Amino acid sequence: MVKINNIYPKIISKENLYHSAFMASKGRRYRDSTADFNFFLEEKIDLLHKELLRKTYRHGKYRLFKIYDPKERNIAAAPFKDRVVHHAVHDVIEPIIDKTFIYDSYACRKDKGTHKAVDRAQGFLRANKFCFHGDIKQYFPSINHRIIKGILRMRIEDKDALWLLDEIVDSARSLPACLQLGVGLPIGNLTSQFFANLYLNELDYFIKFDLRIRYYLRYMDDFLIFSNEKIRLVEIKERIRNFLHASLELRLHQDKSQIYSASEGIKFLGFRLFSGYRRLTSDNVKRFKKQLNKFDFLFASGKITKAAVRDSLRCWAAHSKYANTATLRRSIFKELARKKSSIGYLAQNLLTN
């Protein structure tokens, strides 16, 4: 494998930093920190370029908060300046390393994503009788800094680029859960998603080339292996458990990592897959109905626009069409249209779609 070299000048070029500031601003343009940076954009970019050139740049402190949907998670938001740096690094390095990923890795990659992963999984399901569904326990909080730095050094030779990557990885040490442990990446960083994908690329190679598994795919830390022999999957599960522990210091989730019969259906990425059809999981439907109640309150109080509600309804409707949900969609939108709520009328034009 040819290592990446002489890439730091491109990362820190003003052209790349301006583009990264634009990308980091998407959806955040009117927030205070974003607006302040963009108001003094030329001055801020010039200063950031000099810091990166002289290697005086230091990652800022994260703002911590929790989200509760679909499950409780601790999110760490980096200052806007650092998000610009994340984009500058990611947008240059990721396309090069992405070429070395296996075909059936679907998370956070161009022209991949949830729906293509589901399509592929259902195709594998039709050809096999059993499936091992693997899940990593506490994945992002368990990523070892020493190991991810080693993986980066197997791919990159540019010492200046590695210095900046180390600075981003080490920024997690300021988080309470990661303090002095040398493990964990903040959920919320663009670079964390890339590092996490790269980290489990080691598992992809082990499964595809050491175990020589044909029917395998992964979406971040959620992965499936299909076979017509259940005993083979039992053996594979144990070998994967040992590899994760010895090579990546990770653990399989005991409850979620199980072997299933294909005839029972496979729960994956919000869908339950069968050989001939798909359903949305009950959790997915419950979350959407809960979101509708939230929209109703926010719209009535003027905290969200009609366009935003309509876009969210259309987005969920489009997503749900990847399953056999025509009856479900009609039921939900008819119920919404019948309700004397502030957003009920927005469902009317979705009933015929």
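To be clear, the structure that these remarks concern was listed above.
Student: Quick question: what am I supposed to make of the overall build of the chain here?
Tutor: Counting its secondary structure elements, the chain contains 14 helices and nine strands. Its C-alpha radius of gyration of 23 Å places the chain within 12% of the 20 Å reference for a compact globule of 353 residues. When the backbone C-alpha atoms are referred to their principal axes, the chain occupies close to 60 × 60 × 35 Å. The buried share of the chain, taken over its 353 residues, is 48%. Restricting to contacts in the chain with at least 6 residues of sequence separation, those with at least 24 account for 71%. Entry remark: accessible area of the chain is about 18900 Å², with carbon and sulfur atoms responsible for 51%. Charge-centre separation for the chain: the mean point of 65 positive side chains lies 7 Å from the mean point of 38 negative side chains.

Student: Would you mind showing me how to read the environment of Arg241 here?
Tutor: Along the chain, the position of Arg241 falls in helix 11 (residues 230–248). As a C-alpha pair, Arg241 and Phe206 span 35 residues in sequence and 12 Å in three-dimensional space. With near-sequence residues (within four places) excluded, Arg241 lies in contact with Leu252 and Gln254.

Student: Teacher, can you tell me more about the sheet that holds strand 5 (residues 222–227) here?
Tutor: Backbone-to-backbone hydrogen bonds join strands into a sheet, with any given pair of strands oriented parallel or antiparallel. Spatially, 4-5-3-6 is the arrangement adopted by the four strands of the open sheet, whose pairing is antiparallel. The open sheet has two edge strands, strand 4 (216–219) and strand 6 (258–261), and neither has a second partner. With strand direction ignored, the average angle separating the axes of adjacent strands in the sheet is 20°. Note that strand 3 (residues 130–135) and strand 5 share six bridges and pair antiparallel. Considered in strand 5, the bridge of Asp135 is made with Asp222. Contacts from helix 6 (residues 114–126) reach strand 4 and strand 5 within the one sheet, and its direction differs from that of strand 4 by about 155°. Against the sheet, helix 11 touches strand 3, strand 5 and strand 6, its axis set at about 145° to strand 5.

Student: Just checking my understanding: could you explain the packing of helix 5 (residues 80–98) against helix 10 (residues 190–210) for this structure?
Tutor: In a pair of packed helices, the angle between the axes and the distance between the axes together describe the arrangement. The geometry of helix 5 relative to helix 10 is characterised by a closest axis approach of 9 Å and an angle of 25° between their N-to-C directions. Taken as axis vectors, helix 5 and helix 10 run roughly parallel relative to one another. Every pair of crossing elements has a handedness; the one defined by helix 5 and helix 10 is left-handed. Here His86, His87, His90, Asp91, Ile93, Glu94 and Ile97 of helix 5 come into contact with helix 10, specifically with Leu190, Thr191, Phe194 and Leu198. Per-class residue counts for the contact of helix 5 with helix 10 are five nonpolar, four polar and two charged.

Student: What is the right way to read the packing of helix 2 (residues 14–25) against helix 5 from this model?
Tutor: As a packed pair, helix 2 and helix 5 sit with axes 8 Å apart at the nearest point and diverge in direction by 115°. When the interaxial angle is binned, helix 2 and helix 5 end up roughly perpendicular. The hand of the helix 2/helix 5 crossing is right-handed. For the pair helix 2 and helix 5, the contacting residues are Asn16, Leu17, His19, Ser20, Ala21, Met23, Ala24 and Ser25 in the first and Phe80, Arg83, Val84, His87, Ala88, Asp91 and Val92 in the second. When the residues that make up the contact of helix 2 with helix 5 are grouped by side-chain class, the tally is eight nonpolar, five polar and two charged.

Student: Please clarify how the side chain of Asp82 should be interpreted in this entry.
Tutor: Turning to its location among the elements, Asp82 is positioned in helix 5. Although buried, Asp82 forms no salt bridge, and the nearest oppositely charged side chain, Lys81, lies 5.9 Å from it. In terms of polar contacts, Asp82 uses its side chain to reach the side chain of Tyr57, at 2.5 Å. Sequence-distant contacts of Asp82, defined by excluding residues within four places in its chain, comprise Tyr57, Arg58, His59 and Gly60.

Student: Is there a simple way to think about the environment of Ser257 in this case?
Tutor: Within the element layout of this structure, Ser257 appears in the loop between helix 11 and strand 6. You can call Ser257 buried: its relative accessible area is 1%. A C-alpha to C-alpha distance of 18 Å links Ser257 and Thr281, two positions 24 residues apart in sequence. In contact with Ser257, not counting residues within four places along its chain, are Phe132, His133, Gly134, Asp135, Lys237 and Leu252.

Student: Hey, could you run me through helix 6 in this one?
Tutor: An α-helical turn contains 3.6 residues, so any two residues separated by three or four positions project in the same direction. In this model, helix 6 (13 residues) spans 19 Å end to end at C-alpha, consistent with the 18 Å of a helix rising 1.5 Å per residue. Residues Ala117, Val118, Ala121, Gln122, Phe124 and Leu125 constitute the buried set of helix 6. The buried residues of helix 6 all sit within an arc of 160° when viewed along its axis, so they share a single face. Each element contacted by the buried residues of helix 6 is listed here: strand 4, strand 5, strand 7 (266–268), strand 8 (271–273) and strand 9 (278–280).

Student: Sorry if this is basic, but what is going on with helix 2 here?
Tutor: Helix length check: helix 2, at 12 residues, gives a terminal C-alpha distance of 16 Å against a target of 16 Å (1.5 Å per residue), a fit within 8%. Of the positions making up helix 2, those classed as buried are Asn16, Leu17, Ser20, Ala21, Ala24 and Ser25.

Student: Help me out: how do you make sense of unusual backbone geometry in this one?
Tutor: In most cases, non-glycine residues show a negative phi, while peptide bonds are predominantly trans. Phi is positive for Lys55, close to 60°, though the residue is something other than glycine. Checked against the element boundaries, Lys55 lands in the loop between helix 4 (41–54) and strand 1 (63–67). According to the relative accessible area criterion, Lys55 is partly exposed, its value standing at 30%. Non-glycine residue Asp111 carries a positive phi angle of around 65°. Among the secondary structure elements, Asp111 is positioned in the loop between helix 5 and helix 6. The class of Asp111 is exposed, set by a relative accessible area of 58%.

Here is what the cut-offs are and how they apply
- Residues numbered from 1 in each chain as written.
- Predicted model: local features only at pLDDT ≥ 70, side-chain atom pairs only at ≥ 80, totals over all residues.
- Heavy atoms only, no water.
- Helix = DSSP H or I, 4+ residues; strand = E, 2+ residues; numbered from the N terminus.
- Rg over C-alpha atoms; globule rule 2.2 N^0.38 Å.
- Buried < 20%, exposed > 50% of the residue type's maximum accessible area, 1.4 Å probe, protein only.
- Contact = heavy atoms within 4.5 Å.
- Areas by Shrake-Rupley, 256 points an atom, 1.4 Å probe, with all protein chains shown as cover.
- Lys, Arg positive; Asp, Glu negative; His and termini not counted.
- Charge placed at Lys NZ, Arg CZ, Asp CG, Glu CD.
- Pairing = 2+ DSSP bridges.
- Axes fitted to C-alpha atoms, helices over the stretch in contact; angles between N-to-C directions.
- Parallel < 35°, antiparallel > 145°, perpendicular 65-115°, else oblique.
- Left-handed = near helix turned anticlockwise from the far one by under 90°.
- Nonpolar A, V, L, I, M, F, W, Y, C, P; charged D, E, K, R; others polar.
- Salt bridge = Lys/Arg side-chain N within 4 Å of Asp/Glu carboxyl O.
- Polar contact = N/O pair within 3.5 Å; in protein donor to acceptor, adjacent residues only side chain to side chain.
- Expected span 1.5 Å × (residues − 1).
- Arc of directions from axis to C-beta.

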